[in-house]
Amino acid sequence: MSVPATRVASVAERLDRERVKDPKAAARRAQQRETRVASGLAELDRWLCDQARQGLAASQQAGYGHWDDIAARMVDAQAPGLAERLRALASVPYSGPGWHGRLLEEYALLHLLAVAYRRQDELPPPLRETVRSRIGFSLRQADVLAGGPPVRDHWQVLARRDLEQDRIRARRTWLRGRMTGRDALLLSFAVPGQPLDDSLTVGTDADADLVFYPGAVPLRAIVLARHDDSQGGPPDGGPVTGLLARYAAALAADPWLDSWPAVLAVTPARAPTPVVRDANGDTLPLHPGAGDCWPLFALSGGRPATLAGEWTPRGLWPLTAWDEGGRAVPL
Amino acid sequence: VSIWQDLVTASLIGTERTGVPAVADPGLPIRPEGVPGDPVTLLLDRAALLTVARRGGRPAGHAEPPAAAEPDPVPAASPAAGRRLARMLGGEHPDLLAEWLTAAVARDRRVPAHLLPALLDRARRVSPSDPELRRLSAEAGGSRARWLAGLNPAWTFVTAYAEAGQDAWRLGSTSQRRGYLTALRARDPRAARELILQSWEAAAGPERVMFLSVMANAGLSLADEPLPEAALDDRDAEVRGWAAHLLARLPGSALGQRMARRARDCIRVESGVRGTRLVVIPPARGDAAMRRDGVTSGQGGGLQEMDARAHLLDEVLARTPLRTWTDRFGRTAEQILAVPSGAWSPVLFTGWSRAAMAQRDQEWMTALINWALAGGPAGTRLDAETLRQLARRVDPARCALPTTAGRGAEIPPPIRDAISVLRFRYDMLKELEL
């Protein structure tokens, strides 16, 4: 399947639509938005400080409205990224023992974001882009494409995960370049009744040009052109310590990073909660939200298998495993 | 207690009421001049620092390797077969699961490992009174299914089938006894029959039903006849019903011959000026001998006399050896169905279909379903439930599937459903050959 011409054409079309008609008006709008976001973040930081001053114990009784109110104010302040983070907090009190600690983590990272935005002029440009994208400033694709040269590789389609938030469905597709070893994340969105982008199949390789969004840890990308697809095969699974080291290095550059691609050669085990274990005996917990993960256990049969997933602060979310025949099995 | 816990505790109480614990060097010192005056900002700053430090510095855990499953010499079913099984477990034609599993076992293929949890969960939910799906899942799941059963107590029924030895027969639960007997029947029908004969006298009604159903499911032959023939006079109505059902499946049985005598004169071929046709005269009424052979009268159910007689004909036909008709008329099943039978054709369709399914007669099943799919006799409506069952039992490779393209709306729903089931089964069995 070779589709580069149509792909390039459709990207070019999108760029045409986005071309700024009136630079002066656009600059004025951008300035207005900065002002609103700045006052929104100041309000958020005051709110966070109030919480910590009065004590988070009160949040337990507060219910969903507690975070919905402040999230709605962030929507008004044109900071949708913050609103999304805040709405997600409503599930924290139901996430099991230790939730107070997780709530403090999230508040602290939001506070860090507010501080970072306030001091964005002091930040190196890639980190500034990371801060702005976490707040919810989205880049025009023209700017993404202008930002860096395309990276051509045989991208292994490792895994995908569909999430739903506020009736918008989001699909995350994780890729890894066979030649460059680079990780990439494609995002696509769909409103109800509309299908999600299905052009990449987990377990295949796509020879494609990707362009990465700027950031301290460039991960998100868009497909500029597709050249060819091939069967692929299992990726190289690494050890647990390798994953932890890569994640730590990434966190040092982007402290808000909370999902990181993992490709491991591991055996699932129950110890007694589900974990994955590598050949060195090192283990990582599976994410409690991922459930029993029985299909992963069944596929492995107590032997090492290649596993791709998302590493998060709460554990590994398993997404794809490769069976004895080398076939990708979405979990 | 860690510094992080101290910070969490302080945040719970609130900085209004407590101090902010100092963060001892987690790798990055906080410059004193950067420390703001407000303790709450201090708390959040320190929490942010520690959050990232803890996430980045998280150590790996350690565990012993888990016990591995025995290697399974049986190859997994093809990827296409696996994808179809996944769809079935997701709710598409779930009633065909048993056929998928039976076909896989017959072709020496096992269930793809990652689908076992969904299959075992489904088999577990099936009521214990219909243990066939459990047995088939255990068998088609192979050593991987047994290994999984060791990890999840909900799936222990798998090992009940796999490890059913003599002890299971003597001491086991009903389902373990059944598992043992089923396995023995598949391996050595005669030994299973001997075991049933030895245990029959001491067994109560429900267990006798289990014996007969195990007998019926595999290895049925005329050598099995004496036991069910005697059980036609059992005290328990359910045992009597199963015995009659079993004998009706044995075309050479005495019951079959009694039925043939009753049925013979009900249908005859007449050739006249209007061409050849089937003339049908249903039995007038049921008698005690017919009831003993499992025929239900249908009377007292508020049926009109003619409906009651049609019901009786259906019951008799369903138990009559199909060779009765091919021998008597000197015609094949297909040729018999081609002879017009007027208003009686729906009753003949149902009765013969039941007989064909019980006797597992593929020639008749094929002829009947092709007849139904081609529209059957004009102006009559064939029983949808019978058609539904036929479509699930006939060999789909032998059927003449009419094309449905472009005339979807004109095809009656039962026929459309039957065609879709036959297509589904055709593809399913093909994929299991891969």
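Residues numbered from 1 in each chain as written. Chains lettered and ligands numbered in written order. Predicted model: local features only at pLDDT ≥ 70, side-chain atom pairs only at ≥ 80, totals over all residues. Heavy atoms only, no water.

Peer 1: Is there a simple way to explain the packing of helix H9 (residues 174–187) of chain B against helix H10 (residues 189–200) of chain B in this structure?
Peer 2: Helix-helix packing: each pair is described by the crossing angle between the helix axes and the interaxial distance. Residue and element names in this part refer to chain B. One way to put it is that H9 packs onto H10 with a least axis distance of 5 Å and a crossing angle of 140 degrees. Regarding the angle of H9 to H10, the classification is oblique. Residues Tyr180, Leu181, Leu184, Arg185 and Arg187 of H9 form the contact with H10, whose participating residues are Pro189, Ala191, Ala192, Arg193, Leu195 and Ile196. Looking at the contact of H9 with H10 residue by residue, the class counts come to eight nonpolar, no polar and three charged. (Axes fitted to C-alpha atoms, helices over the stretch in contact; angles between N-to-C directions. Helix = DSSP H or I, 4+ residues; strand = E, 2+ residues; numbered from the N terminus. Parallel < 35°, antiparallel > 145°, perpendicular 65-115°, else oblique. Contact = heavy atoms within 4.5 Å. Nonpolar A, V, L, I, M, F, W, Y, C, P; charged D, E, K, R; others polar.)

Peer 1: Where do I start with the pattern of salt bridges in this structure?
Peer 2: Oppositely charged side chains can pair when the atoms bearing their charge come close. Residues and elements named next belong to chain B. According to the stated counting rule, one finds 53 salt bridges over all chains in the structure shown. For Arg388, the salt bridge identified is with Asp95, shortest N-O distance 3.8 Å. Of this pair, Arg388 sits in helix H21 (residues 384–393) while Asp95 sits in the loop between helix H3 (79–89) and helix H4 (97–106), placing them 293 residues apart in sequence. Assessed through its relative accessible area of 38%, Arg388 is described here as partly exposed. (Salt bridge = Lys/Arg side-chain N within 4 Å of Asp/Glu carboxyl O. Buried < 20%, exposed > 50% of the residue type's maximum accessible area, 1.4 Å probe, protein only.)

Peer 1: Sorry if this is basic, but what is going on with the nonpolar core here?
Peer 2: Nonpolar side chains in soluble globular proteins tend to end up buried together. Membership of the largest hydrophobic core comes to 193 residues, with the highest contact counts inside it found for Leu44 and Ile135 of chain A together with Trp100, Trp325 and Trp352 of chain B. Among the elements that take part in this core, helix H6 (residues 99–118) of chain A stands out by supplying eleven residues, more than any other. Contacts of Leu44 of chain A, omitting those with residues within four sequence positions, involve Ile70, Met74, Leu82, Leu86 and Leu110 of chain A. Listed in part, the 14 residues of the second largest apolar core include Trp155, Leu200, Ala208 and Phe212 of chain A. (Core = buried A, V, L, I, M, F, W, Y, C linked by side-chain atoms within 4.5 Å.)

Peer 1: Even after reading the chapter, I still don't get the packing of aromatic side chains, so can you show me in this structure?
Peer 2: Each aromatic ring pair is characterised by the separation of its centres together with the angle its planes make. Here the structure, examined in full by the defined rule, presents ten aromatic pairs over all chains. Between the aromatic rings of Trp47 of chain A and Tyr107 of chain A, the centroid separation amounts to 5.6 Å while the plane-to-plane angle is 75 degrees, which identifies the pairing as edge-to-face. In this pair, Trp47 of chain A is assigned in helix H2 (residues 23–54) and Tyr107 of chain A in helix H6, connecting sequence segments 60 residues apart. Judged by its relative accessible area of 11%, Trp47 of chain A is buried. The buried category is assigned to Tyr107 of chain A, whose relative accessible area is 1%. Here the aromatic residues Trp325, Phe329, Trp352 and Trp364 of chain B are joined through ring pairs into a cluster of three or more. (Phe/Tyr/Trp six-rings, centres within 6.5 Å; stacked < 30°, edge-to-face > 60°.)

Peer 1: So what exactly am I meant to see when it comes to the pairing of strand S6 (residues 260–270) of chain A here?
Peer 2: Looking down a regular strand, the side chains alternate between one sheet face and the other. Residue and element names in this part refer to chain A. For S6, the buried fraction is high: nine of the eleven residues fall into the buried class. Strand direction decides the pairing type here: S6 and strand S9 (residues 305–312), joined by seven bridges, are antiparallel. What sits directly across from Val263, in S9, is Ala308. Pairing of S6 with strand S7 (residues 274–277), which is carried by four bridges, proceeds in the antiparallel orientation. (Pairing = 2+ DSSP bridges.)

Peer 1: Can you walk me through the confidence of the model for chain A in this structure?
Peer 2: A low pLDDT means the predicted coordinates there should not be read in detail. When pLDDT is averaged along chain A, the result is 89; 92% of the residues meet or exceed 70. Across residues 1–10 of chain A, confidence stays below pLDDT 50; counting only partners more than four residues off in sequence or on other chains, it has 16 contacts. (pLDDT = per-residue confidence, 0-100.)

Peer 1: Help me understand the interface of chain B and chain A in this model?
Peer 2: Interface size is commonly expressed as the accessible area that is lost once the parts come together. Contacts between the two partners involve 48 residues from chain B, matched on the other side by 48 residues from chain A. Both faces combined, the contact of chain B with chain A buries some 4,000 Å², and carbon together with sulfur accounts for 64% of it. When the buried area of chain B at its contact with chain A is split by residue, Leu44, Arg55 and Arg58 of chain B rank highest and sum to 20% of it. For the interface between chain B and chain A, the tally reads six salt bridges. The closest approach of N and O atoms between Arg110 of chain B and Glu324 of chain A, which form a salt bridge, is 3.5 Å. The interface formed by chain B and chain A holds 22 residue pairs in polar contact (both at pLDDT 80 or more) in total. Secondary-structure elements contributing two or more residues to the side of chain B that touches chain A are helix H1 (3–13), helix H2 (39–56), strand S1 (61–62) and helix H6 (132–151) of chain B. For the side of chain B that touches chain A, the leading source of residues is H2 of chain B, giving twelve residues. When grouped by side-chain class, the residues that make up the side of chain B that touches chain A number 27 nonpolar, ten polar and eleven charged. In this sheet, S1 of chain B lies alongside strand S8 (residues 282–285) of chain A in antiparallel orientation, the contact comprising two bridges. What sits directly across from Thr283 of chain A, in S1 of chain B, is Gly61 of chain B. (Buried area = accessible area lost by both parts, 1.4 Å probe. Polar contact = N/O pair within 3.5 Å; in protein donor to acceptor, adjacent residues only side chain to side chain.)

Peer 1: Teacher, can you tell me more about the sheet that holds strand S1 (residues 151–165) of chain A here?
Peer 2: Hydrogen bonds along the backbone pair up the strands of a sheet, which may run parallel or antiparallel. Residues and elements named next belong to chain A. One open sheet holds the five strands; their spatial order is S3-S2-S1-S4-S5, and the pairing between them is antiparallel. Bordering the open sheet on either side are strand S3 (183–190) and strand S5 (221–230), each of which pairs with just one other strand. Each neighbouring strand pair of the sheet contributes to a mean axis angle of 35 degrees, computed without reference to strand direction. Bridging between S1 and strand S2 (residues 168–177) involves ten bridges; their strand directions are antiparallel. Across the sheet, Arg161 pairs through a bridge with Arg172, a residue of S2.

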